[in-house]
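Topology and contacts: notes
So the chains spell out like this:
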Amino acid sequence: MTRPPANLWLIAFTVTLATFMEVLDTSIANVALPHIAGNLSVGVDESTWVLTSYLVANAIILPLSGWLSTIFGRKRFYMACVVLFTTSSFLCGLAPNLATLIVCRILQGLGGGGLQPSEQAILADTFPPEKRGMAFAFYGFAVVAAPAIGPTLGGYITDHFSWRWIFYINIPIGIISLLMTSQLIHDPPSLVQERERRKNAAGRMDWPGLGLIAVGLGALQIMLDKGEREDCSPRTSSASAPS
């Protein structure tokens with residue numbers, strides 16, 4: 001028998017909390033790049049990999065979230081993503097050099113990339129059909145608002161504290177979300193039965209396909225993020241050529 005949730009909107013708030021921080025991290029570091037570059041003694045162009053590495057890791061893990069939820073269970077997978085995201089945020093704040101920061105940002109992106117699809121699945125299973133529209137509107141508001149306030153919040157934190165605090169602020173939010181998730185979120189019995197039924201079939205991983213997804217999506221994200229900045233097309237030569 002399905003365990004009735006104590007409060008549907010408390011569950012929605014719980015799963016949206018970590019997702020809000022994950023989406024916030026896609027833009028909060030933008031204004032801090034000059035400070036990061038100066039503090040770590042690197043060029044500003046090199047520091048943009050702090051953003052690119054996070055987005056690439058997000059793009060790679062996103063299509064794998066459904067398969068991982070089937071293997072490990074949706075609640076376990078969501079909690080593992082919160083733990084990885086929170087831990088890597090702490091390590092990002094401690095990073096002594098750019099290489100370490102980029103590695104930690106990749107881990108942060110891998111953890112954060114699984115939060116959004118997991119939250120949508122949890123909301124769909126938790127809310128009855130007549131209330132799902134409001135639940136997804138609440139989710140949509142958080143996803144839209146987070147990148148909008150990210151640059152302003154990141155600039156304020158960087159100017160008044162340190163760029164490292166744009167990562168440290170994820171830690172208490174992640175801990176609160178993890179504790180609330182452990183108490184409030186439960187996989188429905190139908191999902192548990194489906195996971196057991198599909199466990200053997202899902203366990204046969206298409207490793208070449210996984211590698212192609214990682215390379216393809218990673219290359220596409222790098223091209224979209226850095227292609228215009230490093231464009232080497234011969235526009236100047238063609239413009240100066242005689243007609």
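Since the structure is predicted, the reported quantities are computational estimates derived from the model, not experimental observations.

1. Focus: the confidence of the model for the protein chain
- The predicted model of the protein chain averages 80 in pLDDT, with 82% of residues at 70 or higher.
- A low-confidence stretch, residues 236–243 (pLDDT under 50), is modelled with zero contacts involving residues beyond four sequence positions or located in other chains.

2. Here we look at helix H4 (residues 49–61)
- Helix length check: H4, at 13 residues, gives a terminal C-alpha distance of 18 Å against a target of 18 Å (1.5 Å per residue), a fit within 8%.
- Among the 13 residues of H4, 11 are classified as buried, and the element is accordingly described as predominantly covered.
- When we look at burial in H4, the residues that qualify are Val-50, Leu-51, Thr-52, Ser-53, Tyr-54, Val-56, Ala-57, Asn-58, Ala-59, Ile-60 and Ile-61.

3. Let's talk about the pattern of salt bridges
- For the structure on display, the rule yields two salt bridges.
- Ionic pairing is found between Arg-105 and Asp-25, a salt bridge with its closest N-O pair at 3.8 Å. Of this pair, Arg-105 sits in helix H7 (residues 98–113) while Asp-25 sits in the loop between helix H1 (8–24) and helix H2 (33–40), and the two are 80 residues apart along the sequence.
- Classification of Asp-25 as buried rests on a relative accessible area of 0%.
- For the salt bridge of Arg-74 with Asp-125, the shortest nitrogen-to-oxygen distance reads 2.1 Å.

4. Some remarks on the packing of aromatic side chains
- Using the criterion set out here, one finds five aromatic pairs in the structure.
- With a centroid separation of 6.2 Å and an interplanar angle of 40°, the aromatic rings of Phe-90 and Tyr-168 are classed as tilted. Here the residue Phe-90 occupies a position in helix H6 (residues 74–94), and Tyr-168 occupies one in helix H10 (residues 165–168), the gap between them amounting to 78 residues.
- Taking relative accessible area as the criterion, Tyr-168 reaches 16% and is therefore assigned buried.

5. Things to note about the nonpolar core
- Counting residues in hydrophobic clusters, the biggest one holds 24 residues, and the most contacted among them are Ile-36, Leu-40, Leu-101, Trp-163, Ile-166 and Phe-167.
- Among the elements that line this core, the one with the most residues is H7, at four residues.
- Ile-166 has contacts with Asp-25, Ile-28, Ala-29, Ala-32, Gly-154, Ile-157 and Thr-158, leaving out every residue within four places of it along the chain.
- Grouped together as the second largest cluster of nonpolar side chains are 20 residues, Leu-68, Phe-77, Tyr-78 and Leu-210 included.

6. Observations regarding the packing of H6 against H7
- Axis separation between H6 and H7 bottoms out at 7 Å; the angle between their running directions is 160°. What the angle tells us is that H6 and H7 run roughly antiparallel. Seen from above, H6 lies across H7 with left-handed handedness. Across the interface between the two elements, Cys-81, Leu-84, Phe-85, Ser-88, Ser-89, Leu-91 and Cys-92 from H6 touch Leu-101, Cys-104, Arg-105, Leu-107, Gln-108, Leu-110, Gly-111 and Gly-112 from H7.

7. Brief notes about helix H5 (residues 65–72)
- Inspection of H5 places Ser-65, Leu-68, Ser-69, Thr-70 and Ile-71 among the buried residues, and these make up the whole buried set.
- Just past H5, the residue Gly-73 takes up positive phi, approximately 95°.

8. As for a nonpolar patch on the surface
- Where nonpolar side chains cluster on the molecular surface, the patch consists of Trp-9, Leu-10, Phe-13, Met-134 and Phe-138 and spans about 450 Å² of accessible area.
- Elements supplying a minimum of two residues to the nonpolar patch: H1 and helix H9 (132–160).
- If one sorts the elements of the nonpolar patch by residue count, H1 sits on top with three residues.
- On the secondary structure map, Phe-13 appears in helix H1.

9. Quick notes on the packing of H1 against helix H8 (residues 115–126)
- The N-to-C vectors of H1 and H8 enclose an angle of 170°; their axes lie 10 Å apart at closest approach. Our classification of the angle between H1 and H8 gives roughly antiparallel. Between H1 and H8, the residues in contact are Leu-8, Ile-11, Ala-12, Val-15, Thr-16, Ala-18, Thr-19, Glu-22 and Val-23 and Leu-115, Gln-116, Glu-119, Ile-122, Leu-123 and Thr-126, respectively.
- Here the residues of the contact of H1 with H8 are counted per class, giving nine nonpolar, four polar and two charged.

Thresholds, definitions, all that
- Residues numbered from 1 in each chain as written.
- Predicted model: local features only at pLDDT ≥ 70, side-chain atom pairs only at ≥ 80, totals over all residues.
- Heavy atoms only, no water.
- pLDDT = per-residue confidence, 0-100.
- Contact = heavy atoms within 4.5 Å.
- Helix = DSSP H or I, 4+ residues; strand = E, 2+ residues; numbered from the N terminus.
- Expected span 1.5 Å × (residues − 1).
- Buried < 20%, exposed > 50% of the residue type's maximum accessible area, 1.4 Å probe, protein only.
- Salt bridge = Lys/Arg side-chain N within 4 Å of Asp/Glu carboxyl O.
- Phe/Tyr/Trp six-rings, centres within 6.5 Å; stacked < 30°, edge-to-face > 60°.
- Core = buried A, V, L, I, M, F, W, Y, C linked by side-chain atoms within 4.5 Å.
- Axes fitted to C-alpha atoms, helices over the stretch in contact; angles between N-to-C directions.
- Parallel < 35°, antiparallel > 145°, perpendicular 65-115°, else oblique.
- Left-handed = near helix turned anticlockwise from the far one by under 90°.
- Patch = residues over 30% accessible without salt bridge, like charges linked within 9 Å, V, L, I, M, F, W, Y side chains within 5 Å.
- Areas by Shrake-Rupley, 256 points an atom, 1.4 Å probe, with all protein chains shown as cover.
- Nonpolar A, V, L, I, M, F, W, Y, C, P; charged D, E, K, R; others polar.

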